[in-house]
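Remarks on the overall topology
Here is what each chain is made of, one letter per residue.
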Amino acid sequence: MIGLLRGELLKSVTTRAVWGFAAGGTAFAVLNAVLVAEASGTLDEVAEKREALSGLPVLLLLWGLVGAAGEYRHRTAAPTALVARRDRGTVLAVRIAAYALTGLGLALLINAAAVGTALPLLADQPGPDLTSGQVAETVAGNVGALVLATVLGAALGALIRVPVVGAVVLLILALVVQPLVSGAWEREANLSPFGTADVMTGGTHNTTLTVAEAGAVFAVWTVLAVLVAVACERRRDLA
């Protein structure tokens, strides 16, 4: 099992896509920090300052989806299962675990860039500075959201199997459907995977959910997706 995990980790970190998403996530974190801290006016509340540390979970969700679906597009899923001599669902579960570990590394990198850029800029803003505890809480929420998004994306990629279709559907849901639902039923929208991710990263303040509550709801969505993906993997042809 360790060898299988090592192999899946090697695949997840040696593709060109992971470095592209790492660069994109880091660039967004830096840009978000600069825009929030410098271009959004006076920030005199802690919640507003924490927004400068926000990541972009949908980006890692997209990476997990494209990467996992690519296993079927490039026909590497079947050989992996045959060589590993493991149940197909087990192979997928290990692959998702590998994406979770790689996502953790990306999340730490992205948050390091956000904190390193935002904190010096926020020092010029009025009101109370972010304490070390508040920074740690914000980073924990961001890291949790990014890792869960990666796992959810990998599970969805195994279900959809076609990277382009999955990416298009994901972007429509994130950029079109979620804002429309949020405008009509804001409370319910905050319970969706995208909504809980926004709460965890501090991207939205219009919610009664705490970061921990949002994380629990997001985790439920993610676990359900993984269970469905693994169950479906055991029942269909890998070719």
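This structure is a prediction, so every number in the text was calculated from the model and none was measured. (Residues numbered from 1 in each chain as written. Predicted model: local features only at pLDDT ≥ 70, side-chain atom pairs only at ≥ 80, totals over all residues. Heavy atoms only, no water.)

**Digging into the overall build of the protein**
Per the secondary structure count, the protein includes 11 helices and 0 strands. Scanning the protein from its N terminus toward the C terminus, one meets helices and strands in the order α-α-α-α-α-α-α-α-α-α-α. Taking the intrachain contacts of the protein between residues at least 6 apart in sequence as the baseline, contacts between residues at least 24 apart amount to 81%. When the accessible surface of the protein is split by element, carbon and sulfur atoms take 68% of a total near 11,500 Å². (Helix = DSSP H or I, 4+ residues; strand = E, 2+ residues; numbered from the N terminus. Contact = heavy atoms within 4.5 Å. Areas by Shrake-Rupley, 256 points an atom, 1.4 Å probe, with all protein chains shown as cover.)

**Describing the side chain of Asn 111**
If you trace the backbone, Asn 111 turns up in helix 6 (residues 88–122). In this structure the side chain of Asn 111 is engaged in a polar contact, spanning 2.8 Å, whose partner is the backbone oxygen of Ala 107. Among residues more than four places away in sequence, those in contact with Asn 111 are Leu 53, Val 139, Asn 142, Val 143 and Leu 146. (Polar contact = N/O pair within 3.5 Å; in protein donor to acceptor, adjacent residues only side chain to side chain.)

**Digging into the nonpolar core**
In terms of nonpolar packing, the biggest core is built from 44 residues, with Leu 92, Ile 96 and Phe 218 touching the most fellow members. Take this core: its biggest share by element is 11 residues, from helix 7 (residues 132–160). Other than its neighbours up to four places away in sequence, Ile 96 contacts Val 151, Ala 154, Ala 155 and Val 226. In terms of nonpolar packing, the next biggest core, distinct from the first, is built from 11 residues, Leu 43, Ala 52, Leu 53 and Leu 130 among them. (Core = buried A, V, L, I, M, F, W, Y, C linked by side-chain atoms within 4.5 Å. Buried < 20%, exposed > 50% of the residue type's maximum accessible area, 1.4 Å probe, protein only.)

**Re the layout of surface pockets**
The calculated volume of the largest pocket comes to roughly 540 Å³. Contributions of two or more residues to the lining of the largest pocket are made by helix 2 (16–39), helix 4 (57–73), helix 8 (163–184), helix 9 (186–189) and helix 10 (193–201). (1 Å grid on protein atoms, 1.4 Å probe; cavity = no way out; pocket = protein on both sides within 12 Å on 5 of 7 lines; lining within 4 Å. Points joined across faces, edges and corners; volume = space filled by probe spheres on them.)

**So, the packing of aromatic side chains**
Under the definition given, this model contains 1 aromatic pair. Ring geometry for Trp 63 versus Tyr 99: centroids 5.0 Å apart, planes at 55°, classification tilted. On the criterion of sequence distance, the pair formed by Trp 63 in helix 4 and Tyr 99 in helix 6 is long-range, its members being 36 residues apart. (Phe/Tyr/Trp six-rings, centres within 6.5 Å; stacked < 30°, edge-to-face > 60°.)

**Section: the pattern of salt bridges**
Pairing between side chains of opposite charge can happen when the charged atoms of each approach one another. The final tally for this structure, using the stated rule, is 1 salt bridge. A salt bridge links Arg 50 to Glu 137; the shortest N-O distance between them is 3.7 Å. Here Arg 50 is found in helix 3 (residues 46–50), whereas its partner Glu 137 is found in helix 7, with 87 residues between them in sequence. (Salt bridge = Lys/Arg side-chain N within 4 Å of Asp/Glu carboxyl O.)

**Details of the environment of Ala 97**
One can find Ala 97 in helix 6. Since its relative accessible area comes to 33%, Ala 97 is described here as partly exposed. Remark: the alpha-carbon pair of Ala 97 and Thr 150, spanning 53 residues in sequence, is separated by 9.9 Å.

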